[in-house]
Amino acid sequence: MPQRERLKSFEHLLLYLAIAAGVIFALGVPAFLAFYDYNALQSTLSFEARILTDQIAVFANIQGETWQYSFHRLPEFVTIIDPNEEIRATISAMQGKAEKVMLDVGPAQSHPVLTVRDAISVGGETIGFVELTQSMRPIVNQVAVVAAITSIIGLFLFFILHRVPMRLLRQSTSALEASRKRLAKEINLKEIEARRANDASRIKSDFLSNMSHEMRTPLNAIIGFSKVMEDQLFGELSAHYRSYAKDINDSGQHLLGLINSLLDLSKIERNMADLTIDQVSIHKTIADTIRLVADHARSKNIDLPVDYEKP
């Protein structure tokens, strides 16, 4: 998958996670608060209704069937559970199968309301009902305020979870892309330099190879003629000239060795050289070297002493 598509997929995933986190926080907190307050209010009303029904049941048990005619005592029981007169209480009695309202007190409750109904029982017989009603408007208002606050926090949470990471991610991606392009450019320059170096090395090797071949032809002639002069094949030479002829031959052999070394170097650079292990006389090498540079050293008044044990 290309990097742009991966970044797009990650951005979508981060967007969904940020939306989910913002919505859960914005709606979850108010929903939890509403659920908690609703259950708390219902539990309170149920508890108060149970207290009221127990008080009325005791009163009805004492009064007998005449309790219905003593309904003027009922507000006293309501005051016990609602001294501040915040709840609307309705008490009804059973007359046969019909239900007659005996008391309906308390302020009018604004909607939405929560109503709890409990039976008044005496001797296992239901003789009436208690109904408590209380407005849920304070809970709704409180939940609305909390919802407004959590919505703002949810938007802020969405911004933190989505905008900030994506901005940092885009900056990091841009920096990585710039680094990648810079690195690719450097690699391209290095490859160009390497090709140029290889071309220069190949040209040098070809030059050395060609020059070596060109130099060997006249050098072989020098070596051959100096050998003829040293062996006196066409007439006798003085010892002095024979010594010169030998020096010419040795110098030619030495130069031929250097040319061969250049050819070997060219082969090494082309990975075409063959390694040969052989024995070399160090004493002969030293003697040949001294003989080659002796005349030039004498002309410069340079003494070349050699001290080694001959085999």
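To be clear, the structure that these remarks concern was listed above.
Residues numbered from 1 in each chain as written. Predicted model: local features only at pLDDT ≥ 70, side-chain atom pairs only at ≥ 80, totals over all residues. Heavy atoms only, no water.

## Looking at the pattern of salt bridges
Basically, it comes down to this: Salt bridge, as applied in this entry: a Lys or Arg side-chain nitrogen positioned within 4 Å of an Asp or Glu carboxyl oxygen. Put simply, DSSP H or I for four residues or longer makes a helix, DSSP E for two residues or longer makes a strand, and each gets a number counted from the N terminus. Each residue is placed in one exposure class: buried if its accessible area under a 1.4 Å probe, protein chains only, is under 20% of its type's maximum, exposed if it is over 50%, and partly exposed if it falls in between.
Within the structure shown, the criterion is met by four salt bridges. The partner of Asp54 in a salt bridge is Arg50, and the shortest N-O contact between them spans 3.6 Å. With Asp54 and Arg50 both in helix α1 (residues 3-63), this residue pair falls four residues apart, about one helical turn. Accessibility expressed as a relative area gives 39% for Asp54, which makes it partly exposed. You can call Arg50 partly exposed: its relative accessible area is 39%. One salt-bridge network, held together by shared partners, links Arg50, Asp54 and Asp118.

## Describing unusual backbone geometry
A cis geometry characterises the amide bond from His111 onward to Pro112, with omega recorded as 0°. Note on placement: Pro112 falls in the loop between β2 (98-105) and β3 (113-122). Residue Asn301 is not a glycine yet carries a positive backbone phi of 55°. Counting through the fold element by element, Asn301 comes out in the segment after α5 (282-299).

## Points about the nonpolar core
The cut-off we apply is this: The set of buried Ala, Val, Leu, Ile, Met, Phe, Trp, Tyr and Cys residues whose side-chain atoms join them within 4.5 Å is what this entry labels a nonpolar core. The contact rule is simple, with two residues in contact once any of their heavy atoms fall within 4.5 Å.
Counting residues in hydrophobic clusters, the biggest one holds 28 residues, and the most contacted among them are Leu52, Ile56, Ile91 and Leu132. At the level of secondary structure, the elements contributing two or more residues to this core comprise α1, α2 (74-81), β1 (88-95), β2, β3, β4 (125-135) and α3 (137-231). Top contributing element to this core by residue count: α1, with nine residues. Each residue touching Ile91, except ones within four places of it in the same chain, is listed here: Leu52, Ile56, Leu74, Val78, Lys100, Val101, Met102, Leu103, Ile120, Phe129 and Val130.

Nothing here speaks to function; it is geometry throughout.
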